[in-house]
Amino acid sequence: MTLPGEEAPLAATVDFDVGDLLASARLNEVPTPFLVVDQPTLERNLAAMQNAFGGRSASLRPHVKTHKCTAIARLQVAAGAVGVTCSTTDEVAAMAAAGIGDVLLGNVVTDRQRLRSLAASATVARVAVAVDSEEAVSLLAAAAAAVGALVGAVVEIDIGMARNGVASVADGIALAETIAATPALELRGVMAYEGHLVDTADRAERGELAVRAFEPALELLHELRARGLEAPILTGGATATHDSTGALPEMTDVQAGTYALMDATYRKLAPEFEPAAVVVATVLTSRADGPLVLNLGQKRLGSDWGHPEIVGYEARHLYTAEEHCVFQHAGGPRPRVGERVALLPPHICTTMGLYREAFAWRDGEVADGFAIDARDPLA
Ligand SMILES: Cc1ncc(COP(=O)(O)O)c(C=O)c1O
(Lines give C-alpha, C1' and ligand atoms only; values in the text may rest on other atoms or scores of the structure.)
Protein backbone atom coordinates (compact mmCIF):
# COMPACT_ATOMS: atom_id res chain seq x y z
CA MET A 1 0.00 0.00 0.00
CA THR A 2 1.14 3.53 -0.71
CA LEU A 3 -0.57 6.07 1.49
CA PRO A 4 -2.42 8.76 -0.46
CA GLY A 5 -0.06 11.32 -1.99
CA GLU A 6 3.02 9.19 -1.47
CA GLU A 7 5.47 7.22 -3.53
CA ALA A 8 7.48 4.32 -2.17
CA PRO A 9 9.58 6.19 0.40
CA LEU A 10 13.36 6.54 0.58
CA ALA A 11 15.84 5.96 3.41
CA ALA A 12 14.39 4.93 6.74
CA THR A 13 15.79 6.06 10.05
CA VAL A 14 15.40 4.29 13.37
CA ASP A 15 16.16 5.34 16.92
CA PHE A 16 18.79 2.66 17.55
CA ASP A 17 22.27 2.22 16.15
CA VAL A 18 21.92 -0.02 13.12
CA GLY A 19 25.63 0.45 12.28
CA ASP A 20 26.58 -1.23 15.57
CA LEU A 21 24.05 -3.98 14.99
CA LEU A 22 25.37 -4.73 11.49
CA ALA A 23 28.93 -4.76 12.87
CA SER A 24 28.10 -7.22 15.69
CA ALA A 25 30.51 -10.16 15.51
CA ARG A 26 27.83 -12.49 16.88
CA LEU A 27 25.17 -11.45 14.37
CA ASN A 28 27.70 -11.67 11.56
CA GLU A 29 27.84 -15.44 12.18
CA VAL A 30 24.11 -15.71 11.45
CA PRO A 31 23.02 -16.28 7.83
CA THR A 32 20.71 -13.62 6.40
CA PRO A 33 17.87 -12.93 6.37
CA PHE A 34 17.14 -12.73 10.10
CA LEU A 35 15.06 -10.58 12.41
CA VAL A 36 16.28 -8.30 15.18
CA VAL A 37 14.15 -6.50 17.77
CA ASP A 38 15.60 -3.50 19.56
CA GLN A 39 14.48 -4.16 23.09
CA PRO A 40 14.59 -0.60 24.48
CA THR A 41 12.42 0.59 21.56
CA LEU A 42 9.97 -2.26 22.15
CA GLU A 43 9.80 -1.36 25.85
CA ARG A 44 9.22 2.34 25.04
CA ASN A 45 6.37 1.39 22.70
CA LEU A 46 4.75 -0.85 25.32
CA ALA A 47 5.00 1.90 27.95
CA ALA A 48 3.74 4.61 25.56
CA MET A 49 0.58 2.66 24.65
CA GLN A 50 -0.06 1.63 28.24
CA ASN A 51 0.31 5.27 29.36
CA ALA A 52 -2.18 6.37 26.69
CA PHE A 53 -4.77 4.22 28.46
CA GLY A 54 -4.05 5.78 31.85
CA GLY A 55 -7.04 8.13 31.86
CA ARG A 56 -9.45 6.09 29.74
CA SER A 57 -12.28 3.75 30.66
CA ALA A 58 -11.01 1.10 28.23
CA SER A 59 -8.19 -1.31 28.97
CA LEU A 60 -5.52 -2.52 26.61
CA ARG A 61 -5.84 -6.10 25.35
CA PRO A 62 -2.94 -6.21 22.87
CA HIS A 63 -3.25 -8.23 19.70
CA VAL A 64 -0.39 -10.76 19.79
CA LYS A 65 -0.68 -11.68 16.12
CA THR A 66 1.79 -8.84 15.56
CA HIS A 67 4.67 -10.62 17.32
CA LYS A 68 3.49 -14.18 18.07
CA CYS A 69 5.92 -14.25 21.02
CA THR A 70 4.77 -15.37 24.45
CA ALA A 71 7.71 -13.46 25.98
CA ILE A 72 6.49 -10.16 24.48
CA ALA A 73 2.92 -10.95 25.56
CA ARG A 74 4.17 -11.39 29.12
CA LEU A 75 5.87 -7.99 28.93
CA GLN A 76 2.58 -6.47 27.74
CA VAL A 77 0.65 -8.00 30.62
CA ALA A 78 3.37 -6.94 33.08
CA ALA A 79 3.02 -3.39 31.68
CA GLY A 80 -0.70 -3.41 32.55
CA ALA A 81 -2.63 -5.15 29.74
CA VAL A 82 -5.77 -6.99 30.96
CA GLY A 83 -5.06 -9.98 28.76
CA VAL A 84 -4.31 -10.57 25.09
CA THR A 85 -6.14 -10.82 21.78
CA CYS A 86 -5.22 -13.60 19.34
CA SER A 87 -6.08 -14.39 15.74
CA THR A 88 -5.56 -18.19 15.72
CA THR A 89 -6.16 -21.11 18.07
CA ASP A 90 -2.39 -21.82 17.99
CA GLU A 91 -1.81 -18.36 19.43
CA VAL A 92 -4.48 -19.00 22.07
CA ALA A 93 -2.92 -22.35 23.03
CA ALA A 94 0.57 -20.84 23.28
CA MET A 95 -0.64 -17.87 25.35
CA ALA A 96 -2.65 -20.07 27.72
CA ALA A 97 0.30 -22.47 28.13
CA ALA A 98 2.57 -19.50 28.87
CA GLY A 99 0.34 -18.48 31.77
CA ILE A 100 -1.57 -15.58 30.19
CA GLY A 101 -4.78 -15.91 32.16
CA ASP A 102 -7.27 -14.04 29.96
CA VAL A 103 -7.29 -14.63 26.21
CA LEU A 104 -9.68 -13.36 23.52
CA LEU A 105 -9.67 -14.94 20.08
CA GLY A 106 -10.75 -11.96 18.02
CA ASN A 107 -11.66 -14.13 15.08
CA VAL A 108 -14.35 -16.65 14.15
CA VAL A 109 -13.48 -20.37 14.38
CA THR A 110 -15.55 -23.09 12.72
CA ASP A 111 -12.98 -25.86 12.07
CA ARG A 112 -13.69 -28.76 14.47
CA GLN A 113 -10.02 -29.49 15.20
CA ARG A 114 -9.37 -25.82 15.88
CA LEU A 115 -12.43 -25.68 18.15
CA ARG A 116 -11.14 -28.69 20.07
CA SER A 117 -7.87 -26.84 20.67
CA LEU A 118 -9.76 -23.71 21.73
CA ALA A 119 -11.92 -25.64 24.19
CA ALA A 120 -8.80 -27.29 25.66
CA SER A 121 -7.26 -23.81 26.17
CA ALA A 122 -10.47 -22.78 27.95
CA THR A 123 -9.75 -25.41 30.60
CA VAL A 124 -6.51 -23.61 31.59
CA ALA A 125 -7.29 -19.92 30.90
CA ARG A 126 -10.31 -17.65 30.68
CA VAL A 127 -11.02 -17.79 26.94
CA ALA A 128 -13.51 -15.96 24.74
CA VAL A 129 -14.00 -16.05 20.98
CA ALA A 130 -15.84 -14.04 18.35
CA VAL A 131 -18.94 -15.58 16.74
CA ASP A 132 -21.09 -14.34 13.88
CA SER A 133 -23.53 -17.16 13.03
CA GLU A 134 -25.82 -19.72 14.67
CA GLU A 135 -23.67 -22.46 13.07
CA ALA A 136 -20.48 -21.08 14.62
CA VAL A 137 -22.22 -20.93 18.01
CA SER A 138 -23.40 -24.52 17.86
CA LEU A 139 -19.99 -25.82 16.72
CA LEU A 140 -18.33 -23.88 19.54
CA ALA A 141 -20.86 -25.13 22.09
CA ALA A 142 -20.32 -28.75 21.05
CA ALA A 143 -16.52 -28.42 21.42
CA ALA A 144 -16.84 -26.71 24.82
CA ALA A 145 -19.37 -29.26 26.13
CA ALA A 146 -17.17 -32.19 25.01
CA VAL A 147 -14.45 -31.17 27.50
CA GLY A 148 -16.69 -29.59 30.12
CA ALA A 149 -15.26 -26.11 29.42
CA LEU A 150 -17.07 -22.79 29.69
CA VAL A 151 -16.10 -20.63 26.69
CA GLY A 152 -16.90 -16.94 26.45
CA ALA A 153 -18.41 -15.57 23.26
CA VAL A 154 -18.54 -12.04 21.87
CA VAL A 155 -20.92 -11.28 19.04
CA GLU A 156 -18.92 -9.73 16.21
CA ILE A 157 -20.77 -7.16 14.13
CA ASP A 158 -19.46 -6.06 10.71
CA ILE A 159 -19.01 -2.28 10.81
CA GLY A 160 -17.84 -1.88 7.22
CA MET A 161 -14.80 -4.07 6.76
CA ALA A 162 -16.86 -6.80 5.07
CA ARG A 163 -14.95 -9.58 6.83
CA ASN A 164 -16.43 -11.46 9.78
CA GLY A 165 -19.44 -10.22 11.71
CA VAL A 166 -23.21 -10.31 11.71
CA ALA A 167 -24.83 -8.00 9.16
CA SER A 168 -27.19 -6.12 11.47
CA VAL A 169 -28.02 -5.21 15.05
CA ALA A 170 -31.12 -7.44 14.82
CA ASP A 171 -28.97 -10.44 13.81
CA GLY A 172 -26.59 -9.64 16.66
CA ILE A 173 -29.42 -9.61 19.21
CA ALA A 174 -30.73 -12.96 17.97
CA LEU A 175 -27.26 -14.51 18.17
CA ALA A 176 -26.64 -13.13 21.65
CA GLU A 177 -29.94 -14.64 22.82
CA THR A 178 -28.84 -18.03 21.47
CA ILE A 179 -25.48 -17.76 23.26
CA ALA A 180 -27.14 -16.74 26.54
CA ALA A 181 -29.34 -19.84 26.33
CA THR A 182 -26.41 -22.23 25.63
CA PRO A 183 -25.03 -23.86 28.80
CA ALA A 184 -21.40 -24.37 27.64
CA LEU A 185 -21.10 -20.73 26.54
CA GLU A 186 -21.05 -17.42 28.35
CA LEU A 187 -22.12 -14.25 26.55
CA ARG A 188 -19.44 -11.63 27.15
CA GLY A 189 -20.48 -8.81 24.82
CA VAL A 190 -19.75 -7.31 21.42
CA MET A 191 -16.77 -7.08 19.08
CA ALA A 192 -16.31 -4.78 16.08
CA TYR A 193 -13.18 -4.04 14.08
CA GLU A 194 -12.63 -0.88 12.02
CA GLY A 195 -9.79 -2.37 9.95
CA HIS A 196 -11.04 -0.80 6.70
CA LEU A 197 -10.36 2.66 8.16
CA VAL A 198 -6.98 2.29 9.90
CA ASP A 199 -5.01 3.49 6.86
CA THR A 200 -7.02 6.70 6.40
CA ALA A 201 -4.09 9.11 6.11
CA ASP A 202 -5.59 12.06 7.99
CA ARG A 203 -5.72 11.18 11.64
CA ALA A 204 -8.64 13.41 12.61
CA GLU A 205 -10.69 12.12 9.69
CA ARG A 206 -9.70 8.54 10.54
CA GLY A 207 -10.89 9.01 14.11
CA GLU A 208 -14.21 10.53 13.04
CA LEU A 209 -14.88 7.77 10.50
CA ALA A 210 -13.94 5.02 12.96
CA VAL A 211 -16.09 6.41 15.77
CA ARG A 212 -19.03 6.76 13.34
CA ALA A 213 -18.46 3.21 12.08
CA PHE A 214 -18.78 1.97 15.67
CA GLU A 215 -22.38 3.23 15.99
CA PRO A 216 -24.01 -0.15 15.16
CA ALA A 217 -21.70 -1.87 17.67
CA LEU A 218 -22.77 0.57 20.39
CA GLU A 219 -26.42 0.11 19.43
CA LEU A 220 -26.04 -3.66 19.67
CA LEU A 221 -24.35 -3.38 23.06
CA HIS A 222 -27.10 -1.10 24.41
CA GLU A 223 -29.85 -3.34 23.02
CA LEU A 224 -28.34 -6.42 24.70
CA ARG A 225 -28.09 -4.63 28.03
CA ALA A 226 -31.62 -3.23 27.67
CA ARG A 227 -32.84 -6.81 27.29
CA GLY A 228 -31.15 -7.77 30.54
CA LEU A 229 -28.41 -9.80 28.85
CA GLU A 230 -24.97 -9.79 30.45
CA ALA A 231 -22.69 -8.00 27.98
CA PRO A 232 -19.78 -6.51 29.90
CA ILE A 233 -17.35 -6.23 26.97
CA LEU A 234 -17.09 -3.99 23.93
CA THR A 235 -13.87 -4.90 22.13
CA GLY A 236 -12.22 -3.67 18.95
CA GLY A 237 -9.78 -0.97 17.97
CA ALA A 238 -6.26 -0.84 16.58
CA THR A 239 -2.98 1.01 16.96
CA ALA A 240 -4.03 3.69 14.46
CA THR A 241 -7.34 4.31 16.23
CA HIS A 242 -6.35 3.79 19.87
CA ASP A 243 -7.00 7.50 20.47
CA SER A 244 -10.46 7.56 18.82
CA THR A 245 -12.42 4.31 19.17
CA GLY A 246 -10.11 3.43 22.07
CA ALA A 247 -11.39 6.51 23.92
CA LEU A 248 -15.11 5.70 23.51
CA PRO A 249 -16.70 5.50 26.97
CA GLU A 250 -18.36 2.16 26.10
CA MET A 251 -15.12 0.55 24.90
CA THR A 252 -13.62 -1.94 27.36
CA ASP A 253 -10.87 -3.95 25.59
CA VAL A 254 -8.73 -2.36 22.87
CA GLN A 255 -7.03 -4.81 20.51
CA ALA A 256 -4.08 -2.68 19.33
CA GLY A 257 -1.27 -4.88 18.03
CA THR A 258 1.28 -3.23 15.73
CA TYR A 259 2.34 -0.55 18.25
CA ALA A 260 4.69 -3.06 19.93
CA LEU A 261 7.07 -3.46 16.97
CA MET A 262 5.80 -1.09 14.26
CA ASP A 263 6.88 -1.17 10.61
CA ALA A 264 7.61 1.07 7.62
CA THR A 265 3.93 1.46 6.74
CA TYR A 266 2.40 1.85 10.17
CA ARG A 267 4.89 4.46 11.40
CA LYS A 268 3.20 6.94 9.06
CA LEU A 269 -0.16 6.20 10.67
CA ALA A 270 0.91 6.27 14.34
CA PRO A 271 4.25 8.12 14.56
CA GLU A 272 4.10 8.20 18.36
CA PHE A 273 5.38 4.61 18.27
CA GLU A 274 8.81 3.73 16.83
CA PRO A 275 9.95 0.89 14.60
CA ALA A 276 11.57 -1.70 16.88
CA ALA A 277 12.19 -4.55 14.40
CA VAL A 278 14.47 -4.83 11.38
CA VAL A 279 15.23 -7.64 8.98
CA VAL A 280 18.91 -7.98 8.12
CA ALA A 281 19.57 -8.96 4.49
CA THR A 282 22.56 -9.11 2.14
CA VAL A 283 23.06 -7.18 -1.09
CA LEU A 284 23.08 -9.52 -4.11
CA THR A 285 23.31 -6.92 -6.87
CA SER A 286 24.19 -3.23 -6.66
CA ARG A 287 24.56 -1.73 -10.14
CA ALA A 288 25.91 1.73 -10.91
CA ASP A 289 22.76 2.41 -12.97
CA GLY A 290 20.63 1.89 -9.87
CA PRO A 291 19.15 -1.63 -9.43
CA LEU A 292 19.77 -2.84 -5.90
CA VAL A 293 18.67 -6.37 -5.01
CA LEU A 294 18.58 -8.05 -1.59
CA ASN A 295 18.41 -11.75 -0.68
CA LEU A 296 15.02 -11.35 0.89
CA GLY A 297 11.79 -12.28 -0.80
CA GLN A 298 8.16 -12.81 0.10
CA LYS A 299 9.10 -16.07 1.85
CA ARG A 300 10.83 -13.97 4.54
CA LEU A 301 9.17 -10.59 4.27
CA GLY A 302 5.45 -10.06 4.75
CA SER A 303 4.62 -8.12 1.61
CA ASP A 304 0.84 -7.79 1.71
CA TRP A 305 0.91 -4.12 2.76
CA GLY A 306 3.18 -1.13 2.05
CA HIS A 307 6.84 -0.92 1.07
CA PRO A 308 10.03 -1.97 2.87
CA GLU A 309 12.66 0.70 3.54
CA ILE A 310 16.43 0.27 3.86
CA VAL A 311 17.77 1.98 6.96
CA GLY A 312 20.31 4.66 6.05
CA TYR A 313 20.28 4.25 2.25
CA GLU A 314 18.26 6.17 -0.29
CA ALA A 315 16.58 3.51 -2.33
CA ARG A 316 13.05 3.26 -3.65
CA HIS A 317 11.34 -0.11 -3.32
CA LEU A 318 10.19 -1.48 -6.69
CA TYR A 319 8.89 -4.96 -5.88
CA THR A 320 9.37 -8.03 -3.72
CA ALA A 321 9.52 -11.41 -5.46
CA GLU A 322 9.77 -14.90 -4.00
CA GLU A 323 13.46 -14.65 -3.06
CA HIS A 324 14.40 -11.08 -3.99
CA CYS A 325 13.64 -7.60 -2.76
CA VAL A 326 14.29 -5.08 -5.53
CA PHE A 327 15.03 -1.38 -5.04
CA GLN A 328 16.22 1.47 -7.23
CA HIS A 329 19.14 3.32 -5.67
CA ALA A 330 18.15 7.01 -5.51
CA GLY A 331 21.27 8.91 -4.45
CA GLY A 332 23.94 9.10 -1.77
CA PRO A 333 26.15 6.13 -0.89
CA ARG A 334 25.29 2.82 -2.58
CA PRO A 335 25.58 -0.42 -0.57
CA ARG A 336 28.20 -2.83 -1.88
CA VAL A 337 27.60 -6.39 -3.10
CA GLY A 338 27.91 -8.71 -0.10
CA GLU A 339 27.17 -5.93 2.40
CA ARG A 340 24.49 -6.47 5.00
CA VAL A 341 21.73 -3.90 5.36
CA ALA A 342 18.83 -3.48 7.81
CA LEU A 343 15.33 -3.18 6.41
CA LEU A 344 12.12 -1.95 7.97
CA PRO A 345 9.51 -4.53 6.93
CA PRO A 346 6.43 -3.14 5.21
CA HIS A 347 4.17 -5.23 7.46
CA ILE A 348 5.56 -6.61 10.70
CA CYS A 349 2.59 -8.88 11.49
CA THR A 350 3.01 -11.03 8.38
CA THR A 351 6.83 -10.87 8.64
CA MET A 352 7.08 -12.28 12.18
CA GLY A 353 5.26 -15.49 11.24
CA LEU A 354 7.98 -16.23 8.65
CA TYR A 355 10.71 -16.64 11.32
CA ARG A 356 11.22 -18.94 14.30
CA GLU A 357 13.03 -16.38 16.45
CA ALA A 358 13.99 -12.75 16.63
CA PHE A 359 17.35 -11.70 18.00
CA ALA A 360 17.10 -9.07 20.70
CA TRP A 361 19.40 -6.05 20.63
CA ARG A 362 20.00 -3.98 23.72
CA ASP A 363 22.54 -1.17 24.12
CA GLY A 364 24.98 -2.43 21.51
CA GLU A 365 24.79 -6.12 22.51
CA VAL A 366 22.84 -9.19 21.46
CA ALA A 367 20.51 -10.00 24.37
CA ASP A 368 18.26 -13.03 25.00
CA GLY A 369 16.14 -13.40 21.88
CA PHE A 370 12.42 -13.84 21.42
CA ALA A 371 11.15 -17.24 20.33
CA ILE A 372 8.27 -16.75 17.89
CA ASP A 373 6.53 -19.56 19.68
CA ALA A 374 2.86 -18.75 19.12
CA ARG A 375 2.85 -19.35 15.36
CA ASP A 376 1.40 -22.40 13.69
CA PRO A 377 3.64 -25.27 14.89
CA LEU A 378 3.38 -26.95 11.49
CA ALA A 379 4.42 -23.86 9.52
C1 LIG B 1 -9.62 -8.10 14.71
C2 LIG B 1 -8.39 -7.25 14.82
N3 LIG B 1 -8.23 -6.47 15.91
C4 LIG B 1 -7.15 -5.71 16.08
C5 LIG B 1 -6.13 -5.68 15.14
C6 LIG B 1 -4.89 -4.91 15.48
O7 LIG B 1 -4.67 -3.83 14.75
P8 LIG B 1 -3.25 -3.10 14.63
O9 LIG B 1 -2.22 -4.12 14.30
O10 LIG B 1 -3.55 -2.17 13.53
O11 LIG B 1 -2.99 -2.45 15.92
C12 LIG B 1 -6.27 -6.44 13.97
C13 LIG B 1 -5.24 -6.37 12.93
O14 LIG B 1 -5.28 -6.96 11.89
C15 LIG B 1 -7.42 -7.26 13.82
O16 LIG B 1 -7.59 -8.03 12.73
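Since we're looking at a predicted model, the values are computed, not measured.

Trainee: Is there a simple way to think about the site of the ligand in this case?
Mentor: In the vicinity of the ligand, 14 residues are found, and the nearest of them are T239, Q255, G257, T258 and Y266. Between the ligand and Q255, the relevant distance is 2.6 Å, taken from a nitrogen atom to a side-chain nitrogen or oxygen of the residue. A total of 400 Å² of accessible area belongs to the ligand in isolation, and the protein chains cover 90% of it.

Trainee: What should I look at first to understand the side chain of S244 in this one?
Mentor: Structurally, S244 can be placed in the loop between β8 (233–236) and β9 (253–254). In this view, S244 contacts G207, A210 and V211; residues no more than four positions away in its chain are not counted.

Trainee: Even after reading the chapter, I still don't get the layout of surface pockets, so can you show me in this structure?
Mentor: Rolled over the atoms, a probe sized like a water molecule indicates the empty space that remains. Taken as a whole, the largest pocket holds about 490 Å³ of empty space. Every residue lining the largest pocket is counted, 24 residues in all, and those nearest its centre are K65, M161, R163, Y193 and G195. Across the lining of the largest pocket, the residue classes tally to 9 nonpolar, 11 polar and 4 charged.

Trainee: Hey, could you run me through the packing of aromatic side chains in this one?
Mentor: When we look at a pair of aromatic rings, we describe it by the centre distance and by the angle of the planes. Applying the stated criterion across every chain yields a total of 3 aromatic pairs. An angle of 70° between the planes, with centres 5.7 Å apart, marks the rings of Y266 and W305 as edge-to-face. Within this pair, whereas Y266 is found in the loop between β9 and β10 (277–286), its partner W305 is found in the loop between β11 (291–294) and β12 (309–310), the two being separated by 39 residues in sequence. On the accessibility criterion, Y266 (6% relative accessible area) is buried. With a relative accessible area of 16%, W305 lands in the buried category. Positioned over the ring face of F53 is R56, at 4.6 Å from the centre of the ring.

Trainee: What is the right way to read the sheet that holds strand β7 (residues 185–191) from this model?
Mentor: The pairing of strands in a sheet comes from backbone hydrogen bonds and takes either a parallel or an antiparallel form. The strand order across the open sheet formed by 8 strands is β2-β9-β8-β7-β6-β5-β4-β3, and the pairing between neighbours is parallel. The outermost strands of the open sheet, each flanked by one partner alone, are β2 (59–60) and β3 (84–86). Of the pairings in the sheet, the one linking β3 to strand β4 (residues 102–108) comprises 3 bridges and is parallel in character. When the bridges of β4 are listed, V84 appears paired with V103. Where helix α9 (residues 215–226) meets the sheet, its contacts fall on β6 (151–156), β7 and β8, and the angle it forms with β8 comes to roughly 165°.

The rules behind these values
- Residues numbered from 1 in each chain as written.
- Predicted model: local features only at pLDDT ≥ 70, side-chain atom pairs only at ≥ 80, totals over all residues.
- Heavy atoms only, no water.
- Near = heavy atom within 4 Å.
- Polar contact = N/O pair within 3.5 Å; in protein donor to acceptor, adjacent residues only side chain to side chain.
- Areas by Shrake-Rupley, 256 points an atom, 1.4 Å probe, with all protein chains shown as cover.
- Helix = DSSP H or I, 4+ residues; strand = E, 2+ residues; numbered from the N terminus.
- Contact = heavy atoms within 4.5 Å.
- 1 Å grid on protein atoms, 1.4 Å probe; cavity = no way out; pocket = protein on both sides within 12 Å on 5 of 7 lines; lining within 4 Å.
- Points joined across faces, edges and corners; volume = space filled by probe spheres on them.
- Nonpolar A, V, L, I, M, F, W, Y, C, P; charged D, E, K, R; others polar.
- Phe/Tyr/Trp six-rings, centres within 6.5 Å; stacked < 30°, edge-to-face > 60°.
- Buried < 20%, exposed > 50% of the residue type's maximum accessible area, 1.4 Å probe, protein only.
- Lys NZ or Arg CZ within 6 Å of the ring centre and 35° of its normal.
- Pairing = 2+ DSSP bridges.
- Axes fitted to C-alpha atoms, helices over the stretch in contact; angles between N-to-C directions.

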